[in-house]
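This is what each chain is made of:
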Amino acid sequence: MKTVIIGSGNVATVLGVAIAAAGHPVMQILSRNEVRASALAGFLGCAYATRYPEIETGADLYIAALSDTALETLGDYLTLPDRLVVHTAGALPCNTLQKVTARCGVLYPLQSLRATIRPIPPFPLLVDAAGAEDRWHLEVFAKTLADEVRQADDATRLKLHLAATLVNNFTNYLYTLAAGYCEQEKIDFALLLPLIRETAGRLDRYPPGTVQTGPAMRGDRPTIARHLKLLSNNQEIRSLYELFTNLIEEHYHHERTGKI
């Protein structure tokens, strides 16, 4: 499919690379950021533009990889009647771009994507469209980019987006706090990397609830008390430690006793 990408950030870049690698012609990059648009277009070997009136109108598919706020107002600046235009957001409904075109849809990569990270990690693609035929074409297209492709309605995508926030965004912030703590205490954060990899790797083989470990899981109050004493001058980490400890203790106590 001949494609135009609207945007030049992380998602636009990664999808652009994947689309070109799959053999689909990328006709144009459209972005208000000329530096990034020019760089991405140069890498993909296509044209670029910085104004909506300059958009190439002969593409089969238009992918709007923009912020949620920009997507919600895109129809005020751009209309593409009878063209298939999709957004890449997990938390916005399929009809977000209905002012742009009646043939609107979604191509949502369920992955944390960064333009500069190589190799590009595998990512599932969740697709939807206002029309059944467009939904089918979009699914066929998506299967050339990803091994895992599923149709997902608005409610399903939003729930998965929330779950992704838990397992990725919140988890990475805990890594950030741990790295800061290690730096403050002059200990090597790199020693924790095998543990991080093993914890994530187990999920390929076991449900996460069956491999929970740690002092809260086993009710080890003396160790918990020693940890909290270490955190007497770090209120942010102490508050999170207490919160997670209470949640884990309550969850596994109910599991052991059969109470909900």
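See the structure above.
Keep in mind that this is a model prediction, so the values were computed, not measured. (Residues numbered from 1 in each chain as written. Predicted model: local features only at pLDDT ≥ 70, side-chain atom pairs only at ≥ 80, totals over all residues. Heavy atoms only, no water.)

Draft legend 1. Looking closely at the overall build of the chain. Across its full length, the chain carries nine helices and eight strands. Expressed along its principal axes, the backbone C-alpha trace of the chain runs to roughly 70 × 45 × 35 Å. Here the chain, with 260 residues, has 36% of them falling under the buried criterion. Sequence-distant contacts, at least 24 apart, represent 49% of the contacts inside the chain between residues at least 6 apart. With an accessible surface of roughly 15,200 Å², the chain has 56% of that area assigned to carbon and sulfur atoms. Across the chain, 25 positive and 27 negative side-chain charges occur, with their mean positions spaced 5 Å apart. (Helix = DSSP H or I, 4+ residues; strand = E, 2+ residues; numbered from the N terminus. Buried < 20%, exposed > 50% of the residue type's maximum accessible area, 1.4 Å probe, protein only. Contact = heavy atoms within 4.5 Å. Areas by Shrake-Rupley, 256 points an atom, 1.4 Å probe, with all protein chains shown as cover. Lys, Arg positive; Asp, Glu negative; His and termini not counted. Charge placed at Lys NZ, Arg CZ, Asp CG, Glu CD.)

Draft legend 2. Local environment of the sheet that holds strand β1 (residues 3–6). Strands sit in the order β3-β2-β1-β4-β5-β6-β7-β8 across an open sheet of eight strands; the sheet is mixed. Across the chains shown, the open sheet's two edge strands, defined by having one partner strand only, are β3 (47–49) and β8 (149–151). Sheet twist, expressed as the mean angle between neighbouring strand axes with direction ignored, is 25°. Taken together, the four bridges between β1 and strand β2 (residues 26–30) define a ladder with parallel strand orientation. In the sheet register, T3 faces β2, and the bridge partner there is V26. The sheet contacts of helix α1 (residues 10–21) involve β1, β2, β4 (61–64) and β6 (104–109), and relative to β1 the element is tilted by about 165°. (Pairing = 2+ DSSP bridges. Axes fitted to C-alpha atoms, helices over the stretch in contact; angles between N-to-C directions.)

Draft legend 3. Geometry of the environment of P208. Turning to its location among the elements, P208 is positioned in the loop between α6 (193–201) and α7 (215–218). By relative accessible area, P208 is classed as exposed at 54%. For the pair formed by P208 and H87, sequence separation is 121 residues and the distance between their alpha carbons is 32 Å.

Draft legend 4. Region of the structure containing the pattern of salt bridges. Counted by the stated rule, this structure contains 13 salt bridges. The residue E198 makes a salt bridge to R202 at a minimum N-O spacing of 2.9 Å. On the basis of relative accessibility, which here comes to 27%, the residue R202 falls in the partly exposed class. D220 is the partner of R218 in a salt bridge, and the nearest nitrogen-oxygen pair spans 3.5 Å. Each member of the salt-bridge network shares a partner with another, and the members are D128, R135, D154 and R157. (Salt bridge = Lys/Arg side-chain N within 4 Å of Asp/Glu carboxyl O.)

Draft legend 5. Structural view of the packing of aromatic side chains. In this structure the tally under the stated criterion is one aromatic pair. Pairing Y52 with Y77 gives two aromatic rings, centres 6.2 Å apart and planes at 20°, and the pair type is stacked. You can see Y52 sitting in the loop between β3 and β4 and its partner Y77 sitting in the loop between α3 (68–73) and β5 (84–87), a full 25 residues away along the chain. (Phe/Tyr/Trp six-rings, centres within 6.5 Å; stacked < 30°, edge-to-face > 60°.)

Draft legend 6. Representation of the pairing of β5 in the model. Neither face of β5 is left uncovered, since the one carrying L84 and V86 and the one carrying V85 and H87 both have all their residues buried. The pairing of β4 with β5 spans four bridges and is classified as parallel. Its bridge partner being in β5, L61 is matched across the sheet by L84. Running through α3, the crossover from β4 to the neighbouring parallel element β5 is right-handed. Where β5 meets β6, three bridges bridge the pair, whose relative direction is parallel. Across the sheet, residue V86 finds its bridge partner in β6, namely G105. (Right-handed = clockwise from strand over helix to strand, strands pointing away.)

Draft legend 7. Geometry of the pairing of β1. Here β1 shows a buried face lined by T3 and I5 and a second buried face lined by V4 and I6. Note on the crossover from β1 through α1 to β2: the handedness is right-handed. Relative to β4, β1 runs parallel, the two sharing four bridges. Its bridge partner lying in β4, T3 is registered against L61.

Function cannot be inferred from these measures alone, as they are strictly geometric.
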